[in-house]
Amino acid sequence: MKKLSVLLSTILYISCTNNIPYIPIAKDNYGDDTPGYKEKNLGSGRYDIEVWGYENTKEELYVYYLHRRSQELCKSGYTYIPSEVVEIVMVSSGRQPKVNSGRLWSIQCVNP
């Protein structure tokens, strides 16, 4: 019961603070990457996973999305190398500069 209440509390917290969607990264009308996730298959059950958000995206949300995508890719479990923090200032013509923030980690699936 305690695990269930912790899980529900975490889901509620994330849903209230979520400012990035859990969708694959795409291009917006200006050709910039949208917030979301993407992965690169390195073969033999290894992946690099990126989650991109905004300057004010909470660390907990990045970690939650990284684990969620890892679980989707590795049904039998995974090990990971902790994330690298990446920030990019993007400037598109006719728009104000915006700061995008991202996290990157590598995973190895168990029994790929």
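Okay, so let's go over this structure. Given the structure is predicted, the values throughout are model-derived calculations rather than measurements.

What counts and what doesn't
Residues numbered from 1 in each chain as written. Predicted model: local features only at pLDDT ≥ 70, side-chain atom pairs only at ≥ 80, totals over all residues. Heavy atoms only, no water. Disulfide = S-S within 2.5 Å. Helix = DSSP H or I, 4+ residues; strand = E, 2+ residues; numbered from the N terminus. Buried < 20%, exposed > 50% of the residue type's maximum accessible area, 1.4 Å probe, protein only. Phe/Tyr/Trp six-rings, centres within 6.5 Å; stacked < 30°, edge-to-face > 60°. Contact = heavy atoms within 4.5 Å. Salt bridge = Lys/Arg side-chain N within 4 Å of Asp/Glu carboxyl O.

A closer look at the state of the cysteines
- Summed over the entire model, instances satisfying the criterion amount to one disulfide.
- Covalent S-S linkage joins Cys-74 and Cys-109, the inter-sulfur distance amounting to 1.9 Å. Here Cys-74 and Cys-109 share a disulfide; its torsion about the S-S bond, -55 degrees, makes the bridge left-handed. With a gap of 35 residues between them, Cys-74 in the loop between helix H2 (59-73) and strand S3 (78-90) and Cys-109 in strand S4 (residues 98-109) connect regions that are remote in the sequence. The exposure classification of Cys-74 matches that of Cys-109, with both residues buried.

Quick word on unusual backbone geometry
- For Ser-44, which is not glycine, the phi torsion reads 55 degrees and is therefore positive.
- As for its position among the elements, Ser-44 is in the loop between strand S1 (36-43) and strand S2 (46-54).
- For Ser-44, a relative accessible area of 65% gives the class exposed.

Focus: the packing of aromatic side chains
- Evaluated as defined, the whole model comprises five aromatic pairs.
- Ring geometry for Tyr-78 against Tyr-80: centres 6.5 Å apart, planes inclined by 45 degrees, an arrangement best described as tilted.
- Assessed through its relative accessible area of 18%, Tyr-78 is described here as buried.
- By relative accessible area, which is 39% here, Tyr-80 ends up partly exposed.
- Each residue in the set Tyr-22, Tyr-37, Tyr-64 and Tyr-65 is aromatic and connected to the rest through ring pairs, giving one cluster.

Looking at the environment of Val-110
- Relative to the helices and strands, Val-110 is located in the segment after S4.
- You can call Val-110 partly exposed: its relative accessible area is 35%.
- With 34 residues separating them along the chain, Val-110 and Ser-76 place their C-alpha atoms 5.7 Å apart.
- Look past the residues within four positions of Val-110 in its chain and what remains in contact with it is Ser-76, Gly-77 and Tyr-78.

Side note on the pattern of salt bridges
- The tally for this structure, following the rule as stated, stands at five salt bridges.
- For Asp-33, the salt bridge is made with Lys-27, and the minimal N-O distance between the two is 2.8 Å.
- Take Asp-33: its relative accessible area is 28%, and that puts it in the partly exposed class.
- The salt bridge partner of Glu-72 is Arg-69, with a shortest N-O separation of 2.6 Å.

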